[in-house]
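# Results of the structural survey
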Amino acid sequence: MSVAFLWIVTPSVEISNSFGFFDSVRDGNRLLDSSMPVSRDWGSIRAKKSRKQKWNPCSLGTDLKYSSVGGSGLEGGSNFPVLSSMVANPAGEMAISSEQKVYNVVLKQAALVKKQLRSSGDLDVNPDIVLPGTLSLLSEAYDRCGEVCAEYAKTFYLGTLLMTPERRRAIWAIYVWCRRTDELVDGPNASHITPTALDRWEARLEDLFQGRPFDMLDAALSDTVTKFPVDIQPFKDMVEGMRMDLKKSRYKSFDELYLYCYYVAGTVGLMSVPVMGIAPESQATTESVYNAALALGIANQLTNILRDVGEDAGRGRIYLPQDELAQAGLSDDDIFAGKVTDKWRNFMKNQIKRARMFFDEAEKGVTELSAASRWPVWASLLLYRQILDEIEANDYNNFTRRAYVSKAKKLLALPIAYASSLIPPSRTSSLLTKA
């Protein structure tokens, strides 16, 4: 299952070789190959904590209550049934739902930013404070991340050029780590990946957060997390999403699917907000800006799922809620048969409707980001949302036809995204203001 990022990625490109992946993934202590060796320089990179970039806590004005877009939506009417944040387990005990689990992570991320503001007064980016001889290596590491981003996420890369140099390099570093992580289970060497390999990758993640990067690309991220209030939890959660792909090929309900979408895509939003920054004039709350970023990740991943139904079925995977399929009179056999019927069309209409609801929620928060960060996010939102239009244009045949946005439509979307990025944060809606 391909992972949806907040950036636009060129599809069907095997990028593993450009990263030097996987020679020793099955055995030994190293996960990646020796073409990216550890050096004393990478292992010794450190940066001291200091003042951070000024960042007003803000939100997007309406709290994202994902229960309002949960449920099957297959029973008619314009609204999706409400999911409770508490569900009963087989023993009759109350268990927390996926949406509540994810929201708890959102609250933690927002609290970290607030804590930083209380302790230092602002969030200035730390200067490059490294041991002698490593500054040029760090510059090379960031440049390499930029090259990878430019090659495989062209549209997003262009947008990042409007950011400040510090934010731009940090976003490149996060992008590369996410792509490398996705390639573990979705790349050409995916058949060699085991849970133990993912455990090693997570241990390596913890090392780089402690200032002990393994290779050049890790070094860029290791430096980034010393400069911005980036927390390790969303990164660990993305690794957990990769574990799910190794052991799970069906999802009983949207509650289960929502958690998966958070792990593999919603996490990207939580990683990115501290780097992209929030407009100083924004009156929104920190939690709601994080919620908007989360919604965009969920929307993008739901779009990926709906686009790739046929491809995933070919690998024995169905990323559609089983209970909603059953309510629509469909089964796994119908997916594998790959025939577009009226039942399938009606089912897909509801799935597309839900994805668009997440896009709508995400859209409300993009304007709260810092001005220089809005264009690439708007481009991602507009272009990914158009994939849903293309599925409809294909008469919901996502079994044998891949929905894609043409180059001409992409070019037309870029000026629209740029114009949208010029819209300042809302100051009028009472829902957007802080209490």
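As named in an unreviewed UniProt entry, the protein is 15-cis-phytoene synthase, taken from Carpinus fangiana. Per UniProt, the protein carries the Sequence similarities (unreviewed entry) text "Belongs to the phytoene/squalene synthase family." The record in UniProt for the protein states the following under Catalytic activity (unreviewed entry): "2 (2E,6E,10E)-geranylgeranyl diphosphate = 15-cis-phytoene + 2 diphosphate".

Moving on: the overall build of the protein. In terms of regular secondary structure, the protein is built from 17 helices and two strands. Expressed as a percentage of its 435 residues, the buried residues of the protein come to 56%. Put simply, of all contacts in the protein between residues at least 6 apart along the chain, 79% involve residues at least 24 apart. Of the roughly 17700 Å² of accessible surface on the protein, a fraction of 52% belongs to carbon and sulfur atoms.

Taken as a class, soluble globular proteins show a tendency for nonpolar side chains to be buried jointly. Core analysis: the largest hydrophobic core is formed by 111 residues, its most contacted members being Trp177, Leu320 and Trp344. For this core, the leading source of residues is helix H10 (residues 254–276), giving 16 residues. Aside from chain neighbours lying at most four places away, what touches Trp177 is Trp201, Leu205, Leu208, Leu221, Phe235, Met238, Val239 and Met271.

A separate point is the confidence of the model for the protein. Considering every residue of the protein, the mean pLDDT works out to 78; 71% of them sit at 70 or more. Every residue in residues 121–133 scores below 50 in pLDDT, and together they form 46 contacts with partners more than four places removed in sequence or on other chains. In this model residues 428–435 is a low-confidence stretch, pLDDT under 50, and it forms 16 contacts with partners more than four residues away in sequence or in other chains.

With the rule as written, the count across this model stands at five cavities of 30 Å³ or more. One number sums up the size of the largest cavity: a volume of about 110 Å³. In this structure, the largest cavity is lined by 14 residues; those nearest its centre are Val273, Ala292, Ala293, Leu369 and Val377. Listing elements by their share of the lining of the largest cavity, those giving two or more residues are H10, helix H11 (286–307) and helix H15 (342–366). A class-by-class count of the residues in the lining of the largest cavity yields 11 nonpolar, three polar and no charged.

This part takes up the packing of helix H7 (residues 195–209) against helix H9 (residues 233–247). Across the interface, H7 lies against H9 with an axial gap of 10 Å and an inter-helix angle of 175°. As far as their axial angle goes, H9 and H7 are roughly antiparallel. Contacts between H7 and H9 involve Pro195, Leu198, Asp199, Trp201, Glu202, Leu205, Glu206 and Phe209 from the first element and Phe235, Lys236, Val239, Met242, Arg243 and Leu246 from the second. Along the lines of polarity and charge, the residues of the contact of H7 with H9 split into nine nonpolar, no polar and five charged.

A separate point is helix H6 (residues 165–186). Spanning 22 residues, H6 covers 31 Å between terminal C-alpha atoms, matching the ideal 32 Å at 1.5 Å per step. In terms of burial, H6 is largely enclosed, as 18 of its 22 residues are buried.

Conventions we followed
- Residues numbered from 1 in each chain as written.
- Predicted model: local features only at pLDDT ≥ 70, side-chain atom pairs only at ≥ 80, totals over all residues.
- Heavy atoms only, no water.
- UniProt positions renumbered as here; feature names shortened; annotations may be inferred.
- Helix = DSSP H or I, 4+ residues; strand = E, 2+ residues; numbered from the N terminus.
- Buried < 20%, exposed > 50% of the residue type's maximum accessible area, 1.4 Å probe, protein only.
- Contact = heavy atoms within 4.5 Å.
- Areas by Shrake-Rupley, 256 points an atom, 1.4 Å probe, with all protein chains shown as cover.
- Core = buried A, V, L, I, M, F, W, Y, C linked by side-chain atoms within 4.5 Å.
- pLDDT = per-residue confidence, 0-100.
- 1 Å grid on protein atoms, 1.4 Å probe; cavity = no way out; pocket = protein on both sides within 12 Å on 5 of 7 lines; lining within 4 Å.
- Points joined across faces, edges and corners; volume = space filled by probe spheres on them.
- Nonpolar A, V, L, I, M, F, W, Y, C, P; charged D, E, K, R; others polar.
- Axes fitted to C-alpha atoms, helices over the stretch in contact; angles between N-to-C directions.
- Parallel < 35°, antiparallel > 145°, perpendicular 65-115°, else oblique.
- Expected span 1.5 Å × (residues − 1).

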